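# Structure at a glance
What follows is each chain in one-letter form.
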There are 6 protein chains.
Amino acid sequence: MIPSQMIVFLFIFLQSYISLAYDPDPVNDYCIPRTEFSSIFLSCKNTSLVTVDDFIYSGIKDPGNFKHTGFSSIPVSSTVFPGLNTLGMSFVRADFDVDGVNVPHFHPRATETAFVLEGKIYSGFVDSGNRVFAKVLEKGEVMVFPKGLVHFQMNVGDSPATILGSFNSQNPGLVKIPSAVFGTGIKEEVLMKAFGLSDKEIARLRKKFVPQ
Amino acid sequence: MIPSQMIVFLFIFLQSYISLAYDPDPVNDYCIPRTEFSSIFLSCKNTSLVTVDDFIYSGIKDPGNFKHTGFSSIPVSSTVFPGLNTLGMSFVRADFDVDGVNVPHFHPRATETAFVLEGKIYSGFVDSGNRVFAKVLEKGEVMVFPKGLVHFQMNVGDSPATILGSFNSQNPGLVKIPSAVFGTGIKEEVLMKAFGLSDKEIARLRKKFVPQ
Amino acid sequence: MIPSQMIVFLFIFLQSYISLAYDPDPVNDYCIPRTEFSSIFLSCKNTSLVTVDDFIYSGIKDPGNFKHTGFSSIPVSSTVFPGLNTLGMSFVRADFDVDGVNVPHFHPRATETAFVLEGKIYSGFVDSGNRVFAKVLEKGEVMVFPKGLVHFQMNVGDSPATILGSFNSQNPGLVKIPSAVFGTGIKEEVLMKAFGLSDKEIARLRKKFVPQ
Amino acid sequence: MIPSQMIVFLFIFLQSYISLAYDPDPVNDYCIPRTEFSSIFLSCKNTSLVTVDDFIYSGIKDPGNFKHTGFSSIPVSSTVFPGLNTLGMSFVRADFDVDGVNVPHFHPRATETAFVLEGKIYSGFVDSGNRVFAKVLEKGEVMVFPKGLVHFQMNVGDSPATILGSFNSQNPGLVKIPSAVFGTGIKEEVLMKAFGLSDKEIARLRKKFVPQ
Amino acid sequence: MIPSQMIVFLFIFLQSYISLAYDPDPVNDYCIPRTEFSSIFLSCKNTSLVTVDDFIYSGIKDPGNFKHTGFSSIPVSSTVFPGLNTLGMSFVRADFDVDGVNVPHFHPRATETAFVLEGKIYSGFVDSGNRVFAKVLEKGEVMVFPKGLVHFQMNVGDSPATILGSFNSQNPGLVKIPSAVFGTGIKEEVLMKAFGLSDKEIARLRKKFVPQ
Amino acid sequence: MIPSQMIVFLFIFLQSYISLAYDPDPVNDYCIPRTEFSSIFLSCKNTSLVTVDDFIYSGIKDPGNFKHTGFSSIPVSSTVFPGLNTLGMSFVRADFDVDGVNVPHFHPRATETAFVLEGKIYSGFVDSGNRVFAKVLEKGEVMVFPKGLVHFQMNVGDSPATILGSFNSQNPGLVKIPSAVFGTGIKEEVLMKAFGLSDKEIARLRKKFVPQ
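Residues numbered from 1 in each chain as written. Chains lettered and ligands numbered in written order. Predicted model: local features only at pLDDT ≥ 70, side-chain atom pairs only at ≥ 80, totals over all residues. Heavy atoms only, no water.

As a further point, take the pairing of strand β6 (residues 121–126) of chain C. Residue and element names in this part refer to chain C. Burial analysis of β6 places six of its six residues in the buried class, which makes it a mostly covered element. Both faces of β6 are covered, namely the face carrying I121, S123 and F125 and the face carrying Y122, G124 and V126. Note that β6 and strand β7 (residues 132–137) share six bridges and pair antiparallel. Within the sheet, the bridge partner assigned to I121 lies in β7 and is L137. Counting the residues in the hairpin turn of β6 and β7 gives five residues, including N130, whose phi is positive at 65°. Two strands pair when backbone bridges link them, and β6 and strand β9 (residues 150–155) are joined in this way by six bridges, in the antiparallel orientation. From the neighbouring strand, I121 faces β9, where its bridge partner is N155. (Buried < 20%, exposed > 50% of the residue type's maximum accessible area, 1.4 Å probe, protein only. Helix = DSSP H or I, 4+ residues; strand = E, 2+ residues; numbered from the N terminus. Pairing = 2+ DSSP bridges.)

Residues and elements named next belong to chain B. Inspection of the entire model under this criterion finds 36 salt bridges over all chains. A salt bridge links D95 to R93; the shortest N-O distance between them is 2.8 Å. For D95, a relative accessible area of 2% corresponds to the buried category. (Salt bridge = Lys/Arg side-chain N within 4 Å of Asp/Glu carboxyl O.)

Judged by nonpolar contacts, the single largest core of 330 residues is most densely connected at F195(B), F195(C) and F195(E). When sequence neighbours within four positions are dropped, the list of residues in contact with F195(E) reads I177(A), P178(A), F182(A), L205(A), K208(A), F209(A), V181(E) and F182(E). (Core = buried A, V, L, I, M, F, W, Y, C linked by side-chain atoms within 4.5 Å. Contact = heavy atoms within 4.5 Å.)

Attention now goes to the UniProt feature "domain: Cupin type-1" (unreviewed entry) in chain A. With numbering matched to this structure, UniProt assigns "domain: Cupin type-1" (unreviewed entry) to residues 58–203 of chain A. End-to-end, the C-alpha atoms of residues 58–203 of chain A are 42 Å apart, and along that stretch the chain is 13% helix and 39% strand. (UniProt positions renumbered as here; feature names shortened; annotations may be inferred.)

A contiguous patch of negative charge, built from D99(A), E188(E), E189(E) and D199(E), is present on the exposed surface. You can see E189(E) is positioned in helix α3 (residues 188–195). (Patch = residues over 30% accessible without salt bridge, like charges linked within 9 Å, V, L, I, M, F, W, Y side chains within 5 Å. Areas by Shrake-Rupley, 256 points an atom, 1.4 Å probe, with all protein chains shown as cover. Lys, Arg positive; Asp, Glu negative; His and termini not counted. Charge placed at Lys NZ, Arg CZ, Asp CG, Glu CD.)

To continue, consider the interface of chain C and chain D. Tallying the contact residues gives 50 residues for chain C and 50 residues for chain D. With both sides pooled, the region where chain C packs onto chain D buries about 4000 Å², and carbon together with sulfur makes up 64% of that total. In this structure, the connection of chain C to chain D is made through four salt bridges. Between the two partners, chain C and chain D, sit 19 residue pairs in polar contact (both at pLDDT 80 or more). Looking at the side of chain C that touches chain D residue by residue, the classes come out as 26 nonpolar, 13 polar and eleven charged. Here two bridges tie strand β1 (residues 56–57) of chain C to strand β8 (residues 142–145) of chain D, and the two strands are oriented antiparallel to one another. In the sheet register, Y57(C) faces β8(D), and the bridge partner there is V142(D). (Buried area = accessible area lost by both parts, 1.4 Å probe. Polar contact = N/O pair within 3.5 Å; in protein donor to acceptor, adjacent residues only side chain to side chain. Nonpolar A, V, L, I, M, F, W, Y, C, P; charged D, E, K, R; others polar.)

Okay, here's the thing in structure tokens:
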């Protein structure tokens, strides 16, 4: 006989983060991760248990709360919408208050096409030769941000604005420059030299971005 | 000396269809095809000639003319939006009159995520086990159609409806089942046997779909 | 102590469909799925347990039973021939009685090269511009069907015919147009509009293709 | 005016080897290289010039001349069958006289599935742990040779034998071990040390494999 | 007759930047771009013109000039070492004076493995959850920087230090955060909001990084 | 109640070889395999358990023991350096005594860039047209060996030499020609015919390479 704790241990043991997979070229029509064990195995639900709701996402009908900071985003990767698993796509809804800013950021694993659902958005990216391509987009216009390049947006209209972004990865990743650089424990000397700032200036920037 | 015709011939000779390329893993930030020779060489514009407008598409602000057939679509691949070249993405705007139908079709080279911009859309796909996953989507909902599977949509609301589809290929391709099967010169006997229809029935269907 | 049922439950629980994997670029020489758990984990057999028979398939020496419908096919994906797992290839044997038809179909995840082992086969595909490329193939000839495009075949000789198809995916998928469109629960109105048929005609077609 | 030689020079200049392309994920239905310039540009024929014959290969109906050496092979890559261009597949016909041998070789860019069309073939491969998987295959059996691994075949029956190999690359490449190692100008000392052979033995092997 | 200017024009016309290609899965052994036309066509040198020197790079035997800024790097992509073309790899030599810093940067198209050739290097990266992984590396140690993530290095030893970085792309790209963000024409308001800085502070940072 | 043996059995059962994964296009920043179960599941450690040491490898600071055979190599794939998992790269340190030889070999799944850390190395590869590209490399020079092609190296200097090789696969594989051909159980007749050697000569070669 074995103690039930051992089984419990086994279960807990297995309850950790996993979503190892790859974007290109699925070998099945789809693969809905098994909810019970999705965090453990790379296994697909038995197709007989798959329903149409596995392929529909309803969580971006409404904006996130953008009132506080002027900006909100709801990224929808395969983590929150498991139907995307193995299919090589995901998306994001971004809402901007007047003057709201989506800070310079990039997605390490995807190109993005951004469609303006509402409003006037100053939108741009920087190529690896440090050239900026930026312009004000109107409702119905689309801009493409090439894979891995830094981009940014700002509502330059008189009313809230909304963007729908699409990605060619089920999990594009998101690196926000200000917090990735100043909100993390990178050695102070590195930042001082890199930005030509004093230790006090770096300390002040850190204060803003290091999570309390 | 050579006759100038020879050069003219050379130019004409080269003016034919080309857009050979591959979706995954670009080796440059972007590659705007050279407009003068884009039909000839797989060459990118000198980056100094690239402008922000190369990365913005403004042609889907308004619906296509969906009044005649109840449905219109404006596919935006790298052919019409060269900024997408090598970036592995493209998109489509589809508009539906009341009861308008997007006939069963598939994209041989991409998964699609379809976002409902306006209206109520009955939307679904068929997996390779012949199971249908279909449901009525509301404004703001998203459905994913896995790579290469047959899907379809119908406006089941009381007013026109619009969808924005995104693809993970710069040129997903489009195969509309009715015209691909009945609108082409596939031998009559094949279709009779395949669909269990008489030669008259096949002839009648062909009449509808073969372009005049 | 824990009840044995719990373990039994665990096992049953895990016994569901899985074959998540991707076609390109394996990271091992091969990966024979573990038979005991292949339906659960993406795990490879210990190489010391792998034998030559894991890499050989003997199930297409003889034709399937094509007498009833005039056509039979034996698709050999990684599901039935586990040695193909991670290697990006699979194949199919198709047998045709005189006048036998392989109905219009496509493979969502692979290109196919079809080699005529025996007989005379009218063979063709439709490109995404709705152009048909079709011709009668003789024994020893090969036709290529590009990834995701609709294709079909018919024995136009005086004796049974056989084809060997090869695919560049371990699980290319198969969508047969007649049954995918008329043998599934797609809303009647969609089909009526799509094919310009009456509800009676659709009902008659459905009767043929919906599995009883 | 310019001398016509300059143009001639331009043409000659361009007439050199090229077939740069990549296997995965085409962005068109197909791309038949333009015959006039296929050696120069990566350009596809205008689709209106493409015919069904571009997708059919008739050159392996009959065996090559295997009488002299006991073995012949007809590799059909995209170089000889341009319809394969961008589609990620190719194939080979191999014929064996009684006792004929296909020497140990490998394909640097593809997995192979080998189908026995006729005869009894001893067939095998070596994995990267130096384990041999080999067996006699009968007509109608299929063996898979994983990407990049050394494999070999020998007719062990009483009559000629034939194999149809398929590859998941439009140009898999072929490296025959004996000639790649002993038929090339690798420094003698390297070979002596590598194989533990004397200079005379190496010289004798070289004589056999260096093309005269 | 045509004017020679027309030909000259044709040549000049073609002399622009191009290196469109993709990393995965070459279809040839190698493809040395034709030097005469490499900027125009995606064409490979005739193999008979390829020499061993096409596959060897000798330009990183010595450090770059790191005395002025404390840091120098010599990136070797397929642009400077054409032998890498289509092979999916490239590399970089980085030299650090005492206290020299490689500012926070990332490569949009590649993972990097960095080997310490000489010295003691504080080295780290930030994951997309804003966690820093950093440590002092000694001579002979290797750190991996996952694809697209921000990383940085600083010589914390008493003497100059050197690193050899390798990439899994022929052209990984390089985005240096300080200059990409502050050295380009991103709208001032975006930066003020993003970093919580005043217009004067932004102006001061810009002065440092905008090329004069 | 169940017997504890059953659980033990379950654990042992699962303790077998696995590292199924694919090189291109990860969907996470990284994925450190869970050490407890890495041999069982394709699961990543919970990111909170990941440390900087998971991304650093210290095992190639010193050479292997190259004194006995004149050559040693320390391959560092994702098996020994789990931080490489899913990131598409790995590396090797090779040390050569004077006259030491790295026998003709190839990597079935990767291109290699080889950097000379120390010494003078005669280094080359054979393309699939049986042409050798070889030359003596000096310290600081780099040679690229295209994916899947046979290559070799020999120390032609007066003192020990060292090379650092990098690969664009987390597990490139290694096939050493002499042992793969003569050190395995390939049928004698195949080798006799392939190399034009007598049974005695083959037997002698086998003696050298078949592990005792």
